[in-house]
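Spelled out from the first residue to the last, the chains are:
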Amino acid sequence: MEILIKPILTEKMTVQGEKLNRYGFIVDPRANKHQIRTAVEQMYDVKVSDVNTIKYMGKARSRYTKAGLLKGRTDSFKKAIITLKEGDKIDFYSSI
């Protein structure tokens, strides 16, 4: 099971990374906090002090087309906010 799907690179998470040493990831919905902690520590070689998780349900969407009204739903996902120990950092932009 791939636990870390992708990092969240938004303006809000960038500010939290600089000021509070917190980073966000989209994770597998079946993963628990212990699995997320070990996956981040192994992948980025840092020490995690805290893990918070949030489950998001997909939003209902609709649009009008020639064929009529189409209804659907965006994907549900789970987000993890990782707080690192003092002095540790994750640089997502180094591998670009």
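Everything below is about the structure printed above this text.
On a predicted model such as this, the values are computed, not experimentally measured, just so you know.

Our next topic: the overall build of the protein chain. The secondary structure content of the protein chain amounts to 2 helices and 6 strands. Secondary structure elements of the protein chain, listed N to C terminal, follow the sequence β-α-β-α-β-β-β-β. The globule rule puts the C-alpha radius of gyration for 96 residues at 12 Å, and the 17 Å found for the protein chain is more than 25% above it. With the C-alpha coordinates of the protein chain rotated into their principal frame, the extents come out at 55 × 25 × 25 Å. The burial tally for the protein chain puts 31% of its 96 residues in the buried class. Both charge centroids of the protein chain, one from 19 positive and one from 11 negative side chains, sit 13 Å from each other.

Let us look at a nonpolar patch on the surface. A surface patch of nonpolar side chains, about 220 Å² in accessible area, is lined by I54, Y56 and F77. Within the secondary structure, F77 is located in strand β6 (residues 77-84). By relative accessible area, F77 is classed as partly exposed at 32%.

Turning next to the sheet that holds strand β1 (residues 4-7). The strands making up a sheet associate through hydrogen bonds between their backbones, and the pairing can be parallel or antiparallel. Across the sheet, 4 strands lie side by side as β1-β2-β6-β3; this open sheet has antiparallel pairing. Single-partner strands in this sheet number two, and they are β1 and β3 (48-56). Sheet twist, expressed as the average angle between the axes of neighbouring strands with direction ignored, equals 30°. As paired elements, β1 and strand β2 (residues 22-27) share 3 bridges and run antiparallel to each other.

Turning next to the environment of P29. Structurally, the position occupied by P29 is in the loop between β2 and α2 (33-44). In sequence terms P29 and S94 are 65 residues apart; their C-alpha atoms lie 28 Å from each other. The residues touching P29, leaving out its near neighbours within four places in the chain, are K55 and K78.

What follows deals with the nonpolar core. Counting 17 residues, the largest nonpolar core has F25, I36, V40, I82, L84 and I90 as its most contacted members. Counting residues per element, the ones that place at least two in this core are β2, α2, β3 and β6. With residues near it in sequence (within four places) discarded, V40 still touches L4, F25, D45, V46, V48, I82 and I90.

Quick look at unusual backbone geometry now. Here N21, not a glycine, exhibits a phi torsion of approximately 60°, which is positive. Inspection of the secondary structure puts N21 in the loop between α1 (11-19) and β2. N21 gets classed as buried once you look at its relative accessible area, which sits at 12%. Backbone geometry at D45 places phi at a positive 55°, although glycine is not the residue there. Structurally, the position occupied by D45 is in the loop between α2 and β3. Classification of D45 as exposed rests on a relative accessible area of 70%.

Parameters and conventions
- Residues numbered from 1 in each chain as written.
- Predicted model: local features only at pLDDT ≥ 70, side-chain atom pairs only at ≥ 80, totals over all residues.
- Heavy atoms only, no water.
- Helix = DSSP H or I, 4+ residues; strand = E, 2+ residues; numbered from the N terminus.
- Rg over C-alpha atoms; globule rule 2.2 N^0.38 Å.
- Buried < 20%, exposed > 50% of the residue type's maximum accessible area, 1.4 Å probe, protein only.
- Lys, Arg positive; Asp, Glu negative; His and termini not counted.
- Charge placed at Lys NZ, Arg CZ, Asp CG, Glu CD.
- Patch = residues over 30% accessible without salt bridge, like charges linked within 9 Å, V, L, I, M, F, W, Y side chains within 5 Å.
- Areas by Shrake-Rupley, 256 points an atom, 1.4 Å probe, with all protein chains shown as cover.
- Salt bridge = Lys/Arg side-chain N within 4 Å of Asp/Glu carboxyl O.
- Pairing = 2+ DSSP bridges.
- Axes fitted to C-alpha atoms, helices over the stretch in contact; angles between N-to-C directions.
- Contact = heavy atoms within 4.5 Å.
- Core = buried A, V, L, I, M, F, W, Y, C linked by side-chain atoms within 4.5 Å.

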